[in-house]
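Next come the chains, spelled out residue by residue.
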Amino acid sequence: MNFCSDNVTGASPEILAALSAANGGALASYGSDKLTERVEARLKEIFETDLAAFPVATGTAANALSLSLLTPSWGAIYCHQDAHIAVDECGAPEFYTGGAKLVDLPGEHGKLTASQLSDALARSGKGVVHQVQAAAISLTQATEAGTAYRPDDVAAIADVARGYGLGLHMDGARFANALVFLDANPADITWRAGVDILSFGATKNGALAAEAVVIFDKKRAEEFAFRRKRAGHLFSKMRFLSAQLDAYLEGDLWLKNARHANAMAKRLAEGLMAVPGATLAHPVEANEIFVDLPETAIRGLTADGFQFYRWLGEDKTLLRLVAAHDTKEADVTAFIASAKRHAARANERVA
Ligand SMILES: Cc1ncc(COP(=O)(O)O)c(C=O)c1O
(Lines give C-alpha, C1' and ligand atoms only; values in the text may rest on other atoms or scores of the structure.)
Protein backbone atom coordinates (compact mmCIF):
# COMPACT_ATOMS: atom_id res chain seq x y z
CA MET A 1 0.00 0.00 0.00
CA ASN A 2 2.70 2.31 -1.12
CA PHE A 3 1.69 5.57 -2.82
CA CYS A 4 5.12 7.22 -2.62
CA SER A 5 6.02 7.11 -6.30
CA ASP A 6 5.67 5.28 -9.58
CA ASN A 7 9.31 4.32 -9.02
CA VAL A 8 8.45 2.01 -6.12
CA THR A 9 6.65 -0.42 -8.42
CA GLY A 10 7.89 -3.52 -10.17
CA ALA A 11 7.84 -3.99 -13.93
CA SER A 12 5.04 -5.18 -16.19
CA PRO A 13 5.06 -8.97 -16.69
CA GLU A 14 5.11 -8.44 -20.47
CA ILE A 15 8.36 -6.52 -20.13
CA LEU A 16 9.95 -9.15 -17.91
CA ALA A 17 8.93 -11.82 -20.42
CA ALA A 18 10.45 -9.78 -23.25
CA LEU A 19 13.75 -9.62 -21.39
CA SER A 20 13.76 -13.35 -21.01
CA ALA A 21 12.93 -13.81 -24.69
CA ALA A 22 15.75 -11.44 -25.66
CA ASN A 23 18.22 -13.45 -23.65
CA GLY A 24 18.84 -16.30 -26.09
CA GLY A 25 21.72 -16.40 -28.55
CA ALA A 26 24.13 -13.85 -29.89
CA LEU A 27 22.89 -10.45 -30.98
CA ALA A 28 24.82 -7.49 -32.33
CA SER A 29 26.12 -5.17 -29.60
CA TYR A 30 26.02 -1.42 -28.89
CA GLY A 31 22.59 -0.88 -30.40
CA SER A 32 23.18 -2.46 -33.79
CA ASP A 33 20.68 -5.20 -32.95
CA LYS A 34 17.27 -5.90 -34.43
CA LEU A 35 15.39 -5.00 -31.25
CA THR A 36 16.88 -1.52 -31.12
CA GLU A 37 16.02 -1.05 -34.78
CA ARG A 38 12.48 -2.18 -34.09
CA VAL A 39 12.05 0.27 -31.22
CA GLU A 40 13.03 3.11 -33.51
CA ALA A 41 10.66 1.84 -36.19
CA ARG A 42 7.81 1.62 -33.68
CA LEU A 43 8.49 5.16 -32.46
CA LYS A 44 8.50 6.44 -36.05
CA GLU A 45 5.09 4.87 -36.51
CA ILE A 46 3.72 6.21 -33.22
CA PHE A 47 4.97 9.74 -33.86
CA GLU A 48 4.17 9.58 -37.58
CA THR A 49 7.52 10.98 -38.65
CA ASP A 50 11.12 10.18 -39.33
CA LEU A 51 13.12 10.47 -36.08
CA ALA A 52 16.15 9.08 -34.28
CA ALA A 53 15.69 7.16 -31.01
CA PHE A 54 18.40 6.40 -28.47
CA PRO A 55 17.71 4.14 -25.50
CA VAL A 56 19.28 5.17 -22.18
CA ALA A 57 18.79 3.76 -18.71
CA THR A 58 17.65 6.76 -16.65
CA GLY A 59 15.51 9.82 -17.05
CA THR A 60 18.32 12.00 -15.77
CA ALA A 61 20.61 10.78 -18.56
CA ALA A 62 17.84 11.28 -21.12
CA ASN A 63 17.23 14.86 -19.99
CA ALA A 64 20.81 15.95 -19.45
CA LEU A 65 22.06 14.46 -22.71
CA SER A 66 19.12 15.89 -24.65
CA LEU A 67 19.80 19.35 -23.27
CA SER A 68 23.49 19.05 -24.12
CA LEU A 69 22.42 19.07 -27.79
CA LEU A 70 20.44 22.27 -27.42
CA THR A 71 22.79 24.66 -25.68
CA PRO A 72 26.39 25.80 -25.69
CA SER A 73 28.16 25.82 -22.32
CA TRP A 74 27.45 29.57 -22.02
CA GLY A 75 23.77 29.07 -22.75
CA ALA A 76 20.64 29.19 -20.59
CA ILE A 77 17.84 26.64 -20.36
CA TYR A 78 14.46 27.99 -19.25
CA CYS A 79 12.38 25.62 -17.14
CA HIS A 80 9.79 25.53 -14.35
CA GLN A 81 11.16 26.02 -10.86
CA ASP A 82 9.93 22.56 -9.84
CA ALA A 83 11.31 20.83 -12.95
CA HIS A 84 13.11 17.57 -12.33
CA ILE A 85 16.09 18.96 -14.26
CA ALA A 86 16.25 21.89 -11.83
CA VAL A 87 15.71 20.16 -8.51
CA ASP A 88 16.26 16.43 -8.81
CA GLU A 89 19.18 15.76 -11.11
CA CYS A 90 22.11 16.79 -8.96
CA GLY A 91 23.39 19.20 -11.58
CA ALA A 92 23.49 16.61 -14.39
CA PRO A 93 22.10 19.08 -16.98
CA GLU A 94 24.75 21.62 -15.98
CA PHE A 95 27.42 18.89 -16.07
CA TYR A 96 26.52 17.40 -19.46
CA THR A 97 26.06 20.81 -21.07
CA GLY A 98 29.47 21.89 -19.83
CA GLY A 99 28.00 24.45 -17.47
CA ALA A 100 24.87 25.91 -19.06
CA LYS A 101 22.63 27.78 -16.63
CA LEU A 102 19.12 26.68 -15.71
CA VAL A 103 16.81 29.67 -15.43
CA ASP A 104 13.87 28.48 -13.39
CA LEU A 105 10.56 30.30 -13.43
CA PRO A 106 7.44 29.98 -11.27
CA GLY A 107 4.15 28.88 -12.80
CA GLU A 108 0.73 27.77 -11.62
CA HIS A 109 0.17 24.01 -11.41
CA GLY A 110 3.69 23.20 -12.56
CA LYS A 111 3.34 24.88 -15.94
CA LEU A 112 5.18 27.61 -17.81
CA THR A 113 3.27 29.90 -20.13
CA ALA A 114 4.22 31.42 -23.46
CA SER A 115 3.66 34.99 -22.25
CA GLN A 116 5.76 34.50 -19.15
CA LEU A 117 8.59 33.00 -21.23
CA SER A 118 8.28 35.83 -23.70
CA ASP A 119 8.69 38.40 -20.90
CA ALA A 120 11.64 36.54 -19.39
CA LEU A 121 13.37 36.17 -22.75
CA ALA A 122 12.87 39.83 -23.57
CA ARG A 123 15.00 40.56 -20.49
CA SER A 124 17.56 37.81 -21.13
CA GLY A 125 20.39 39.99 -22.41
CA LYS A 126 20.67 38.59 -25.92
CA GLY A 127 24.09 39.37 -27.33
CA VAL A 128 25.33 40.85 -24.05
CA VAL A 129 28.70 39.26 -23.42
CA HIS A 130 28.26 39.43 -19.64
CA GLN A 131 25.16 37.24 -19.65
CA VAL A 132 24.40 33.61 -20.45
CA GLN A 133 22.62 33.32 -23.79
CA ALA A 134 19.12 31.83 -23.93
CA ALA A 135 19.41 28.53 -25.80
CA ALA A 136 16.57 26.18 -24.85
CA ILE A 137 13.26 25.72 -23.07
CA SER A 138 12.45 22.51 -21.25
CA LEU A 139 8.85 21.51 -20.46
CA THR A 140 7.80 18.54 -18.34
CA GLN A 141 4.88 16.48 -19.68
CA ALA A 142 3.08 15.48 -17.44
CA THR A 143 4.33 18.23 -15.11
CA GLU A 144 5.76 17.76 -11.64
CA ALA A 145 2.35 18.93 -10.33
CA GLY A 146 0.54 16.10 -12.13
CA THR A 147 -0.94 18.37 -14.79
CA ALA A 148 -0.66 18.26 -18.57
CA TYR A 149 0.24 20.90 -21.16
CA ARG A 150 -2.43 21.08 -23.89
CA PRO A 151 -1.24 20.90 -27.52
CA ASP A 152 -1.98 24.65 -27.84
CA ASP A 153 0.12 25.42 -24.75
CA VAL A 154 3.07 23.56 -26.25
CA ALA A 155 2.60 25.22 -29.64
CA ALA A 156 2.45 28.71 -28.11
CA ILE A 157 5.64 28.05 -26.13
CA ALA A 158 7.30 26.60 -29.24
CA ASP A 159 6.44 29.83 -31.10
CA VAL A 160 8.26 31.81 -28.46
CA ALA A 161 11.21 29.39 -28.65
CA ARG A 162 11.38 29.75 -32.44
CA GLY A 163 11.18 33.54 -32.16
CA TYR A 164 14.32 33.54 -30.07
CA GLY A 165 16.03 30.71 -31.97
CA LEU A 166 15.82 28.34 -28.99
CA GLY A 167 15.51 24.56 -28.91
CA LEU A 168 12.48 22.97 -27.21
CA HIS A 169 12.97 19.92 -25.00
CA MET A 170 10.22 17.90 -23.36
CA ASP A 171 10.87 15.79 -20.26
CA GLY A 172 8.38 12.99 -20.88
CA ALA A 173 9.14 10.80 -17.88
CA ARG A 174 5.32 10.58 -17.63
CA PHE A 175 4.58 11.26 -21.29
CA ALA A 176 2.12 8.37 -21.57
CA ASN A 177 0.11 9.63 -18.59
CA ALA A 178 -0.23 13.06 -20.16
CA LEU A 179 -1.05 11.62 -23.56
CA VAL A 180 -3.92 9.42 -22.39
CA PHE A 181 -5.33 12.22 -20.26
CA LEU A 182 -5.31 14.60 -23.23
CA ASP A 183 -6.56 11.88 -25.54
CA ALA A 184 -4.14 13.44 -27.99
CA ASN A 185 -2.12 12.25 -30.90
CA PRO A 186 1.57 11.80 -29.86
CA ALA A 187 2.73 13.92 -32.81
CA ASP A 188 0.37 16.78 -31.91
CA ILE A 189 1.87 17.33 -28.46
CA THR A 190 5.48 16.95 -29.63
CA TRP A 191 7.07 17.69 -33.00
CA ARG A 192 3.96 19.07 -34.69
CA ALA A 193 3.66 21.54 -31.83
CA GLY A 194 7.39 22.37 -32.11
CA VAL A 195 9.22 20.00 -29.73
CA ASP A 196 12.76 19.18 -30.94
CA ILE A 197 13.73 16.45 -28.47
CA LEU A 198 11.63 14.28 -26.17
CA SER A 199 12.81 12.24 -23.20
CA PHE A 200 10.33 9.42 -23.71
CA GLY A 201 9.83 7.74 -20.34
CA ALA A 202 9.09 4.08 -19.71
CA THR A 203 10.58 3.23 -16.30
CA LYS A 204 7.78 4.80 -14.25
CA ASN A 205 5.13 3.19 -16.38
CA GLY A 206 6.17 -0.47 -16.39
CA ALA A 207 9.78 -0.84 -17.55
CA LEU A 208 12.72 -1.85 -15.32
CA ALA A 209 15.10 0.87 -16.46
CA ALA A 210 14.64 2.23 -19.96
CA GLU A 211 13.86 5.56 -21.55
CA ALA A 212 14.34 6.70 -25.12
CA VAL A 213 15.72 10.01 -26.27
CA VAL A 214 13.58 10.81 -29.30
CA ILE A 215 15.18 13.35 -31.62
CA PHE A 216 12.72 14.80 -34.11
CA ASP A 217 15.25 17.12 -35.64
CA LYS A 218 17.40 14.35 -37.12
CA LYS A 219 20.37 16.49 -37.99
CA ARG A 220 21.17 16.58 -34.29
CA ALA A 221 21.25 12.79 -34.00
CA GLU A 222 24.83 12.08 -35.02
CA GLU A 223 26.18 14.34 -32.32
CA PHE A 224 23.94 12.63 -29.78
CA ALA A 225 25.51 9.25 -30.51
CA PHE A 226 28.92 10.59 -29.50
CA ARG A 227 27.60 12.39 -26.46
CA ARG A 228 25.83 9.25 -25.22
CA LYS A 229 28.96 7.13 -25.63
CA ARG A 230 31.18 9.69 -23.95
CA ALA A 231 28.75 9.83 -21.04
CA GLY A 232 28.96 6.05 -20.57
CA HIS A 233 25.37 5.44 -21.62
CA LEU A 234 25.97 3.38 -24.75
CA PHE A 235 25.15 -0.08 -23.44
CA SER A 236 27.11 -2.95 -24.95
CA LYS A 237 24.15 -5.30 -24.44
CA MET A 238 21.69 -2.71 -25.69
CA ARG A 239 19.22 -5.45 -26.52
CA PHE A 240 18.12 -5.50 -22.88
CA LEU A 241 17.16 -1.82 -22.87
CA SER A 242 15.53 -2.15 -26.25
CA ALA A 243 13.63 -5.31 -25.30
CA GLN A 244 11.98 -3.33 -22.53
CA LEU A 245 11.01 -0.50 -24.86
CA ASP A 246 9.88 -2.90 -27.54
CA ALA A 247 7.52 -4.69 -25.16
CA TYR A 248 6.42 -1.35 -23.71
CA LEU A 249 5.22 -0.23 -27.14
CA GLU A 250 3.94 -3.62 -28.33
CA GLY A 251 0.13 -3.84 -28.28
CA ASP A 252 -0.04 -0.35 -26.70
CA LEU A 253 1.08 -1.64 -23.30
CA TRP A 254 2.39 1.87 -22.54
CA LEU A 255 -1.06 3.38 -23.06
CA LYS A 256 -2.84 0.62 -21.16
CA ASN A 257 -0.52 1.04 -18.17
CA ALA A 258 -0.91 4.81 -18.18
CA ARG A 259 -4.70 4.58 -18.44
CA HIS A 260 -4.77 2.33 -15.41
CA ALA A 261 -2.47 4.59 -13.37
CA ASN A 262 -4.49 7.69 -14.27
CA ALA A 263 -7.78 5.98 -13.49
CA MET A 264 -6.51 4.94 -10.06
CA ALA A 265 -5.31 8.48 -9.35
CA LYS A 266 -8.65 9.91 -10.39
CA ARG A 267 -10.55 7.45 -8.23
CA LEU A 268 -8.33 8.23 -5.27
CA ALA A 269 -8.74 11.97 -5.71
CA GLU A 270 -12.51 11.73 -6.06
CA GLY A 271 -12.78 9.50 -3.00
CA LEU A 272 -10.62 11.79 -0.89
CA MET A 273 -12.80 14.77 -1.71
CA ALA A 274 -15.39 13.22 0.62
CA VAL A 275 -12.94 13.55 3.54
CA PRO A 276 -13.85 16.65 5.56
CA GLY A 277 -11.08 19.24 5.19
CA ALA A 278 -9.45 17.63 2.15
CA THR A 279 -8.38 19.94 -0.68
CA LEU A 280 -6.52 19.37 -3.92
CA ALA A 281 -3.56 21.65 -4.64
CA HIS A 282 -3.60 20.92 -8.39
CA PRO A 283 -6.08 19.47 -10.88
CA VAL A 284 -5.58 15.71 -11.15
CA GLU A 285 -4.74 15.13 -14.81
CA ALA A 286 -2.24 12.28 -14.75
CA ASN A 287 -1.18 9.80 -12.09
CA GLU A 288 -0.10 12.12 -9.27
CA ILE A 289 -2.29 13.74 -6.63
CA PHE A 290 -1.33 16.61 -4.37
CA VAL A 291 -3.86 16.68 -1.55
CA ASP A 292 -4.03 18.46 1.76
CA LEU A 293 -5.52 16.24 4.46
CA PRO A 294 -6.21 16.80 8.16
CA GLU A 295 -3.23 15.83 10.33
CA THR A 296 -5.30 13.20 12.17
CA ALA A 297 -6.15 11.51 8.87
CA ILE A 298 -2.49 11.50 7.85
CA ARG A 299 -1.40 9.96 11.15
CA GLY A 300 -4.18 7.40 10.95
CA LEU A 301 -3.23 6.44 7.38
CA THR A 302 0.38 5.97 8.45
CA ALA A 303 -0.71 3.84 11.42
CA ASP A 304 -2.80 1.74 9.03
CA GLY A 305 0.33 0.99 7.00
CA PHE A 306 -0.05 3.37 4.04
CA GLN A 307 3.11 4.96 2.71
CA PHE A 308 3.34 8.34 0.95
CA TYR A 309 5.32 11.58 1.06
CA ARG A 310 4.45 14.73 2.90
CA TRP A 311 5.38 16.99 0.01
CA LEU A 312 6.52 20.22 1.63
CA GLY A 313 8.13 18.78 4.77
CA GLU A 314 7.37 16.54 7.73
CA ASP A 315 5.46 19.30 9.52
CA LYS A 316 3.18 19.97 6.53
CA THR A 317 -0.11 18.32 5.58
CA LEU A 318 0.19 18.41 1.78
CA LEU A 319 0.68 14.86 0.52
CA ARG A 320 1.85 13.59 -2.84
CA LEU A 321 0.12 10.33 -3.74
CA VAL A 322 1.19 8.53 -6.88
CA ALA A 323 -0.70 5.77 -8.65
CA ALA A 324 1.07 3.43 -11.03
CA HIS A 325 0.53 0.76 -13.66
CA ASP A 326 0.10 -1.87 -10.95
CA THR A 327 -1.85 0.06 -8.31
CA LYS A 328 -4.63 -2.12 -6.93
CA GLU A 329 -8.13 -0.76 -6.83
CA ALA A 330 -8.59 -2.40 -3.42
CA ASP A 331 -5.66 -0.36 -2.05
CA VAL A 332 -7.22 2.83 -3.36
CA THR A 333 -10.54 1.94 -1.75
CA ALA A 334 -8.80 1.07 1.52
CA PHE A 335 -6.86 4.36 1.47
CA ILE A 336 -10.03 6.40 1.05
CA ALA A 337 -11.83 4.45 3.79
CA SER A 338 -8.93 4.87 6.20
CA ALA A 339 -8.68 8.62 5.55
CA LYS A 340 -12.43 9.04 6.07
CA ARG A 341 -12.45 6.97 9.24
CA HIS A 342 -9.58 8.85 10.88
CA ALA A 343 -10.88 12.26 9.84
CA ALA A 344 -14.33 11.40 11.25
CA ARG A 345 -12.83 10.27 14.57
CA ALA A 346 -11.07 13.60 14.89
CA ASN A 347 -14.36 15.41 14.30
CA GLU A 348 -16.06 13.26 16.96
CA ARG A 349 -13.39 14.23 19.47
CA VAL A 350 -13.86 17.91 18.63
CA ALA A 351 -17.65 17.58 19.02
C1 LIG B 1 9.65 14.54 -14.21
C2 LIG B 1 10.75 13.54 -14.11
N3 LIG B 1 11.72 13.54 -15.03
C4 LIG B 1 12.69 12.61 -15.04
C5 LIG B 1 12.74 11.65 -14.06
C6 LIG B 1 13.74 10.55 -14.22
O7 LIG B 1 14.63 10.42 -13.25
P8 LIG B 1 15.61 9.17 -13.04
O9 LIG B 1 16.95 9.65 -13.45
O10 LIG B 1 15.50 8.93 -11.60
O11 LIG B 1 15.19 8.01 -13.89
C12 LIG B 1 11.81 11.65 -13.02
C13 LIG B 1 11.87 10.67 -11.92
O14 LIG B 1 11.45 10.87 -10.83
C15 LIG B 1 10.77 12.63 -13.05
O16 LIG B 1 9.81 12.64 -12.12
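See the structure shown above.
These numbers were taken from a predicted model, which means no experiment stands behind them. (Residues numbered from 1 in each chain as written. Predicted model: local features only at pLDDT ≥ 70, side-chain atom pairs only at ≥ 80, totals over all residues. Heavy atoms only, no water.)

**Details of the environment of L19**
Stage number 1. In this structure, L19 sits in helix α1 (residues 13–21).
Stage number 2. Taking C-alpha positions, L19 is 8.6 Å from R239, a pair spaced 220 residues apart along the chain.
Stage number 3. Not counting chain neighbours up to four residues away, the residues in contact with L19 comprise L208, F240, A243 and Q244. (Helix = DSSP H or I, 4+ residues; strand = E, 2+ residues; numbered from the N terminus. Contact = heavy atoms within 4.5 Å.)

**Regarding the site of the ligand**
Stage number 1. Every residue near the ligand is listed here: N7, T58, G59, T60, N63, H84, T140, E144, D171, A173, R174 and K204.
Stage number 2. The side chain of H84 places a nitrogen or oxygen atom 3.3 Å from an oxygen atom of the ligand.
Stage number 3. In this structure, a nitrogen atom belonging to the ligand sits 2.6 Å away from a side-chain N or O atom of D171.
Stage number 4. A total of 390 Å² of accessible area belongs to the ligand in isolation, and the protein chains cover 79% of it.
Stage number 5. Ranked by residues supplied to the shell around the ligand, first place goes to helix α3 (residues 59–70) with three residues.
Stage number 6. Here the shell around the ligand is composed, by residue class, of one nonpolar, seven polar and four charged. (Near = heavy atom within 4 Å. Polar contact = N/O pair within 3.5 Å; in protein donor to acceptor, adjacent residues only side chain to side chain. Areas by Shrake-Rupley, 256 points an atom, 1.4 Å probe, with all protein chains shown as cover. Nonpolar A, V, L, I, M, F, W, Y, C, P; charged D, E, K, R; others polar.)

**Overview of the pattern of salt bridges**
Stage number 1. Taken as a whole, this structure holds 25 salt bridges when the rule is applied.
Stage number 2. With its nearest N and O atoms 3.0 Å apart, the salt bridge here joins D217 to K219.
Stage number 3. The partner of E288 in a salt bridge is R320, and the shortest N-O contact between them spans 3.0 Å. You can see E288 sitting in strand β9 (residues 288–292) and its partner R320 sitting in strand β11 (residues 318–322), a full 32 residues away along the chain. The residues E288 and R320 share a single accessibility class, namely buried. (Salt bridge = Lys/Arg side-chain N within 4 Å of Asp/Glu carboxyl O. Buried < 20%, exposed > 50% of the residue type's maximum accessible area, 1.4 Å probe, protein only.)

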